There are 2 protein chains.
Amino acid sequence: MAERIPTTQGVIAAAEAVAAILPPTPLLPVAIGDVQAWVKAEVLQPIGAFKIRGAWWRLSSLTAAERAGGVVAVSSGNHAQGVAWAAKRLGIRATIVMPHDAPAVKLANTRMLGAEVVLYRRPQEDRDEVAARLIAEQGGTLVHAFGDPWVIEGQGSAAIEIAAQLGRAPSRIIACCGGGGLAAGLALGAPGSAIHLVEPEGWDMVGQAIAAGALVHAAPQAPKTICDALQPNATKPLNLALLKGRAEPGVTVTDAEVRAAQRFAFHQLRLVVEPGGAAALAAALAGKVPVDEDTVIMLTGGNADPADYAATIAGSA
Amino acid sequence: MAERIPTTQGVIAAAEAVAAILPPTPLLPVAIGDVQAWVKAEVLQPIGAFKIRGAWWRLSSLTAAERAGGVVAVSSGNHAQGVAWAAKRLGIRATIVMPHDAPAVKLANTRMLGAEVVLYRRPQEDRDEVAARLIAEQGGTLVHAFGDPWVIEGQGSAAIEIAAQLGRAPSRIIACCGGGGLAAGLALGAPGSAIHLVEPEGWDMVGQAIAAGALVHAAPQAPKTICDALQPNATKPLNLALLKGRAEPGVTVTDAEVRAAQRFAFHQLRLVVEPGGAAALAAALAGKVPVDEDTVIMLTGGNADPADYAATIAGSA
């Protein structure tokens, strides 16, 4: 079977499938300095993150035989919840490989949605190998968190919603970026818009790959980041192919900038945003990306660890 | 001039005026035990609270002469921000009487919107007397926080949005209740729905008034409550007239139940809700009001004090 190539048409089809089951998340005005721009509040998805889009498009596109075999996914938490949510809704068995140090709230939510969780130790174990071993043993379809063509199209459905809500194409979309699934999907879904991707310092594997024109792997001693959702080992060739020559040069943000953005969202938007979900807003607030009145900033996830969030909001972290 | 009587037609007109300037706040699904009900996310209003509705309807209905004279309001914080927001937008001078111990975030936001803030000491000073003195000295139109007919109609506009979003009349609306402006407006705006009002323990001046058929004043030694937005001295005759025989018996919630609801909103909805804004959700979660799949729970405000919110989320308060 030929590999599926994600397309703008595919994103439009994904948006229809998503719209049939999920209401659009609000596009809310936000003041970035003197400019009134927009945030796309993906934290208001039922699982608290945009990942539900790609998971739904992938799982609802499986054949009957594939559904019967179950799905296997690898995720630090939000893709896990997206796949678990879609699998529960479709009656598909889901096994999710998650790091042993994933936030407790994400582990609990994934299990609560009925998925079986298999833990691995990072960085000693390669999570893709753990998943491959599982599939070899028990069968099932791999639903990759960012390199899967349907997942990319599904994430891009946010761009279709944005254009409808704004009444025009946004000038630019600023996206938090882990492996590059959302960024690639937005690039297809918003062909007339600039796409800016924002990664944590030291974990800009997508920005570096775009600059180098080749995959770049995380350094063994990569710095710690509070953005647990944005720590890929590397992007995938498919994502790189879709973003190279299309996305703007990547931007990185510090933990302090991310925490400032979480506090801003608390005070100005009354939205709970997890660190990885606040990266794009952090870049906008720090002046690291251009912002005009047709700019949309993605708030990608809101599954924050309560103790860490409390420390951020109280200003003690 | 005859006193204006709030009506359902007035609420419908208010809803049109509000819709012209504010997009509808999202109606989001919420799981209350095994039932999927709805929350109306008024925390996503530009000022973080529903009060913007009544303030906009009142101020935009002022005559040119009244506008030129400015407005005076009395508020612990959210009505203050609503009036300041509407006044700024309409170019009207606003003076707001606020308690000296109002949350710092609400004082700061009100001033940031350009209003002049006059502080009074509670309980020693009567805030309505402070406002009357100001108006005697400098003129201006009083915009009462809950007893004003336009304010009541404006708050009721939420019910018109809810019916449109739900595609039918809700079975019941559960509302946080301070002075009874929102509850009275919802009663007019949702004539086919049961209206439940939820107040803090010891501050159920509206529920007691409905039961007694007469105004009831707060006890001089009323207990402390974390719901700073829900501490009226008493409701007004107009609110009582609109609610008596129409609203369900009032319900009260404890501080612990309110904090549990704030944590629930953090984890399940990714919404920041202040204590007074979480009272209705608290009653629903505590099983103190009936909840079915056509029930709408109002999340009325999200201007939470950061230190207090952090303590609640971390579980240390």
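Residues numbered from 1 in each chain as written. Chains lettered and ligands numbered in written order. Predicted model: local features only at pLDDT ≥ 70, side-chain atom pairs only at ≥ 80, totals over all residues. Heavy atoms only, no water.

1. Let's talk about the overall build of chain A
The condition that has to hold: Elements are defined by DSSP. Helices are runs of H or I of four residues or more, strands are runs of E of two residues or more, and each kind is numbered from the N terminus. Radius of gyration here is computed from C-alpha atoms only, and the compact-globule reference equals 2.2 Å multiplied by the residue count raised to the power 0.38. Three labels apply to residues, based on accessible area from a 1.4 Å probe with only protein chains included: buried if under 20% of the type maximum, exposed if over 50%, partly exposed otherwise in between. For the accessible areas, the method is Shrake-Rupley and the probe is 1.4 Å, while residue cover comes only from the protein chains on display. In this tally, Asp and Glu contribute negative charge and Lys and Arg positive charge; neither His nor the terminal groups of the chain are included. By convention, charge coordinates are those of NZ in Lys, CZ in Arg, CG in Asp, or CD in Glu.
Within chain A, the regular secondary structure consists of 13 helices and 10 strands. The C-alpha radius of gyration of chain A comes to 18 Å, within 12% of the 20 Å expected for a compact globule of 317 residues. Expressed as lengths along the three principal axes of its C-alpha atoms, the size of chain A is roughly 55 × 40 × 35 Å. Looking at chain A as a whole, 61% of its 317 residues are labelled buried. Carbon and sulfur atoms make up 54% of the accessible area of chain A, which totals about 11400 Å². Here chain A contributes 25 positively and 28 negatively charged side chains, and the mean placements of these two sets differ by 4 Å.

2. What to know about the pattern of salt bridges
All names here are of chain A. What counts is decided by this rule: By definition here, a salt bridge exists when the distance from a side-chain nitrogen of Lys or Arg to a carboxyl oxygen of Asp or Glu is within 4 Å.
Enumeration over the complete set of coordinates arrives at 22 salt bridges over all chains. A salt bridge links Asp294 to Arg168, with the nearest nitrogen and oxygen atoms 2.7 Å apart. Of this pair, Asp294 sits in the loop between helix H12 (279-285) and strand S10 (295-299) while Arg168 sits in the loop between helix H7 (149-166) and strand S7 (172-176), and the two are 126 residues apart along the sequence. Among the ionic contacts, a cluster of salt bridges with common partners joins Lys40, Glu42, Arg53 and Glu161.

3. Some points on the sheet that holds strand S3 (residues 71-74) of chain A
Within a sheet, neighbouring strands are paired by backbone hydrogen bonds and run either parallel or antiparallel to one another. Residues and elements named next belong to chain A. Here is the rule: One bridge is not enough; two strands pair if DSSP finds at least two bridges between them. For helices, the axis comes from a line fit to the C-alpha atoms of the stretch in contact; other axes are also lines fit to C-alpha atoms, and the angle between any two N-to-C directions lies between 0 and 180 degrees. Contact criterion: two residues are considered in contact whenever any of their non-hydrogen atoms come within 4.5 Å of each other.
Pairing is parallel across the open sheet formed by 4 strands, whose spatial order is S5-S4-S3-S6. The sheet terminates laterally at strand S5 (116-120) and strand S6 (141-143), the two strands that pair on one side only. Across this sheet, the average inter-strand angle for adjacent strands is 25 degrees, counted without regard to direction. Inspection of the sheet shows S3 paired to S6 by 3 bridges, in the parallel sense. Its bridge partner lying in S6, Val71 is registered against Thr141. Against the sheet, helix H4 (residues 78-90) contacts S3, strand S4 (94-99) and S6, and its axis sits at roughly 170 degrees relative to S4.

4. Looking at the nonpolar core
The criterion, for reference: Only buried residues count toward a nonpolar core. Its members are Ala, Val, Leu, Ile, Met, Phe, Trp, Tyr and Cys residues joined through side-chain atoms within 4.5 Å.
One finds Leu271(A) and Leu271(B) to be the most contacted residues of the largest nonpolar core, which totals 66 residues. Setting aside anything within four residues of it in sequence, one finds Leu271(A) in contact with Leu28(A), Ala41(A), Val43(A), Leu44(A), Ala265(A), Phe266(A), Leu299(A), Tyr309(A), Leu44(B), Arg270(B), Leu271(B) and Val272(B).

5. Description of the domain arrangement of chain A
Quite often, the size of an interface is put as the accessible area lost when its parts meet. Residue and element names in this part refer to chain A. Threshold: These domain limits were set by an automatic method or by a database of domain assignments. N or O atoms within 3.5 Å of each other form a polar contact, as long as, within protein, one can give a hydrogen and the other can take it, and as long as residues adjacent in sequence are counted only when both atoms are side-chain atoms. Amino acid classes used here: Ala, Val, Leu, Ile, Met, Phe, Trp, Tyr, Cys and Pro are nonpolar; Asp, Glu, Lys and Arg are charged; the rest, including Gly, are polar.
Split into domains, chain A comes out as domain 1 (8-49 + 155-314) and domain 2 (52-143). Measuring from the centre of the C-alpha atoms in domain 1 to the corresponding centre in domain 2 gives 22 Å. Counting residues at the interface gives 26 residues for domain 1 and 18 residues for domain 2. On the surface where domain 1 and domain 2 come into contact, there are 5 salt bridges. For Arg53, the salt bridge goes to Glu161, with nearest N and O atoms at 3.0 Å. At the junction of domain 1 and domain 2, the tally comes to 9 residue pairs in polar contact (both at pLDDT 80 or more). If you list the elements that add at least two residues to the side of domain 1 that touches domain 2, you get helix H1 (8-19) and H7. Among the elements that line the side of domain 1 that touches domain 2, the one with the most residues is H1, at 5 residues. Here the side of domain 1 that touches domain 2 is built from residues that sort into 12 nonpolar, 7 polar and 7 charged.

6. Focus: the relation of the copies chain A and chain B
Applied cut-off: Superposing copies: least-squares fit, C-alpha atoms only, residues required to have pLDDT of at least 70 in both.
Aligned on chain B, chain A shows an RMSD of 0.0 Å; the corresponding rotation is 180 degrees and the shift along the axis is 0.0 Å. Such a combination of turn and shift is consistent with a two-fold rotation axis. The position closest to the rotation axis in chain A is occupied by the C-alpha of Ala310(A), lying 2.1 Å away. Both copies present the same face, since 100% of the interface residues in chain A are matched by interface residues at the equivalent positions in chain B.

7. A word on H1(A)
As a reminder, the rule being used: Here the expected span of a helix is defined as 1.5 Å times the quantity of residues minus one.
Between its terminal C-alpha atoms H1(A) stretches 16 Å, which fits the 16 Å expected from 12 residues at 1.5 Å a residue. The inward-facing, buried residues of H1(A) abut helix H2 (51-60), H7 and helix H8 (181-189) of chain A.

8. Things to note about the pairing of strand S7 (residues 172-176) of chain B
Residue and element names in this part refer to chain B. So the rule is basically this: The handedness of a crossover follows from its direction of travel: if, with the strands pointing away from the viewer, the path from the first strand over the helix to the second runs clockwise, the crossover is right-handed.
With 5 of 5 residues buried, S7 lies mostly within the body of the structure. Residues Arg172, Ile174 and Cys176 of S7 are buried on one face, and the alternating residues Ile173 and Ala175, pointing to the opposite face, are buried as well. Pairing of S7 with strand S8 (residues 194-200) involves 5 bridges; the strand directions are parallel. By the bridge assignment, Arg172 is partnered in S8 with Ala194. Taken together, S7, helix H8 (residues 181-189) and S8 form a β-α-β motif whose crossover is right-handed. The sheet contact formed by S7 and strand S10 (residues 295-299) spans 3 bridges and is parallel. In the sheet register, Ile174 faces S10, and the bridge partner there is Ile297.

9. Examining the sheet that holds strand S2 (residues 35-41) of chain A
All names here are of chain A. Pairing in this open sheet of 6 strands is mixed, and the strands run S1-S2-S10-S7-S8-S9 from one edge to the other. Whereas interior strands pair on both sides, the edge strands pair on one side only; in this sheet they are strand S1 (27-32) and strand S9 (251-253). The sheet shows a mean angle of 30 degrees between the axes of neighbouring strands, taken without regard to direction.

10. Some thoughts on helix H9 (residues 205-212) of chain B
Residue pairs spaced three or four apart in an α-helix point in one direction, given the helix's 3.6 residues per turn. All names here are of chain B. Those residues of H9 that sit buried are Met205, Val206, Gly207, Ala209 and Ile210. Buried residues in H9 make contact with S8 and helix H10 (237-243). Within two residues after H9, Gly213 carries a phi angle of roughly 75 degrees, on the positive side.

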